[in-house]
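If you want the building blocks of each chain, they are given just below.
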Amino acid sequence: QVHLVVSGGALVQAGDSLTLSCIGSGRTSATYYAMGWFRQTPAKEREFVAALNWNDRYYADSVKGRFTISGDSVKSKLRLQMNSLKPEDTAVYYCAATSLFSGSDDYLRATSWSYWGQGTQVTVSS
């Protein structure tokens, strides 16, 4: 079974930076055609944050210009660099991976992803 190991969550102050990491094990990461990040709070449904699909990068409007998604050359490790953090970024962040998408916009939907990490708490104080 594929296991995604997530790390990097922390308590930070508004304006700080933080980097999240996601590493896949139990399967060759090169078979992951896409990896991405979602986040969830008690008040909201799980929402898309960013995705790396083949050579394309996608971002939610709420994080565009502040967050950067990246991976190594064989997709063995996924990272999310978060800059200029805001209190509204506070959430549990989840790493996701999948091998196949049915459509070009499927990365936006949590139900399109096959594998999930355990989640890591990011708390941004004002």
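Right above here is the structure, for reference.
This part takes up the pattern of salt bridges. For the structure on display, the rule yields 5 salt bridges. In this structure, R39 engages D89 in a salt bridge whose closest nitrogen and oxygen atoms are separated by 2.9 Å. Taken together, the positions of R39 in strand β4 (residues 34-40) and D89 in the loop between β8 (77-82) and β9 (91-98) put the pair 50 residues apart, joining distant regions of the chain. For the residue pair R39 and D89, the accessibility class agrees, reading buried in each case. Between R109 and D106 there is a salt bridge, with its nearest N and O atoms 3.6 Å apart. Connected through salt bridges with shared partners, the residues R39, E47, R66 and D89 form a single ionic network.

The subject of this paragraph is the packing of aromatic side chains. Summed over all chains, the structure comprises 5 aromatic pairs. Ring geometry for F38 against W116: centres 5.3 Å apart, planes inclined by 65 degrees, an arrangement best described as edge-to-face. Linking F38 in strand β4 with W116 in strand β10 (residues 115-116), this pair joins segments that are 78 residues apart in sequence. The exposure class assigned to F38 is buried, which follows from its relative accessible area of 0%. We classify W116 as partly exposed; its relative accessible area is 26%. Among the aromatic residues, ring-to-ring pairing joins F38, F48, Y58, Y107, W113 and W116 into one connected group. Directly above the aromatic system of W116 lies the positively charged group of R46, at a separation of 4.8 Å from the ring centroid.

In this structure the tally under the stated criterion is 1 disulfide. Between the sulfur of C22 and that of C95 lies a disulfide, 1.9 Å long from S to S. Here the disulfide of C22 and C95 is left-handed, its torsion about the S-S bond being about -75 degrees. Of the two residues, C22 sits in strand β3 (residues 18-25) while C95 sits in strand β9, which places them 73 residues apart along the sequence.

Tracing the sequence through the fold places T120 in strand β11 (residues 120-125). Take T120: its relative accessible area is 12%, and that puts it in the buried class. Within polar-contact distance, the side chain of T120 engages the backbone nitrogen of G9 at 3.1 Å. If sequence neighbours within four positions are ignored, T120 has contacts with V6, G8, G9, L20, A91, V92 and Y93.

Counting 32 residues, the largest nonpolar core has W37, L80, M82 and Y93 as its most contacted members. Listed by contribution, the elements that provide at least two residues to this core are β1 (3-7), β3, β4, β5 (47-53), β7 (67-71), β8, β9 and β11. If we skip the residues at most four places from it in the chain, L80 touches L18, T19, L20, W37, V49, A50, F67, T68, I69 and Y93.

If a residue is not glycine, its phi is most likely negative; likewise, a peptide bond is most likely trans. Of note, the phi angle at S84 is positive, near 50 degrees, even though the residue is not glycine. Topologically, S84 is positioned in the loop between β8 and β9.

About the criteria used
- Residues numbered from 1 in each chain as written.
- Predicted model: local features only at pLDDT ≥ 70, side-chain atom pairs only at ≥ 80, totals over all residues.
- Heavy atoms only, no water.
- Salt bridge = Lys/Arg side-chain N within 4 Å of Asp/Glu carboxyl O.
- Helix = DSSP H or I, 4+ residues; strand = E, 2+ residues; numbered from the N terminus.
- Buried < 20%, exposed > 50% of the residue type's maximum accessible area, 1.4 Å probe, protein only.
- Phe/Tyr/Trp six-rings, centres within 6.5 Å; stacked < 30°, edge-to-face > 60°.
- Lys NZ or Arg CZ within 6 Å of the ring centre and 35° of its normal.
- Disulfide = S-S within 2.5 Å.
- Polar contact = N/O pair within 3.5 Å; in protein donor to acceptor, adjacent residues only side chain to side chain.
- Contact = heavy atoms within 4.5 Å.
- Core = buried A, V, L, I, M, F, W, Y, C linked by side-chain atoms within 4.5 Å.

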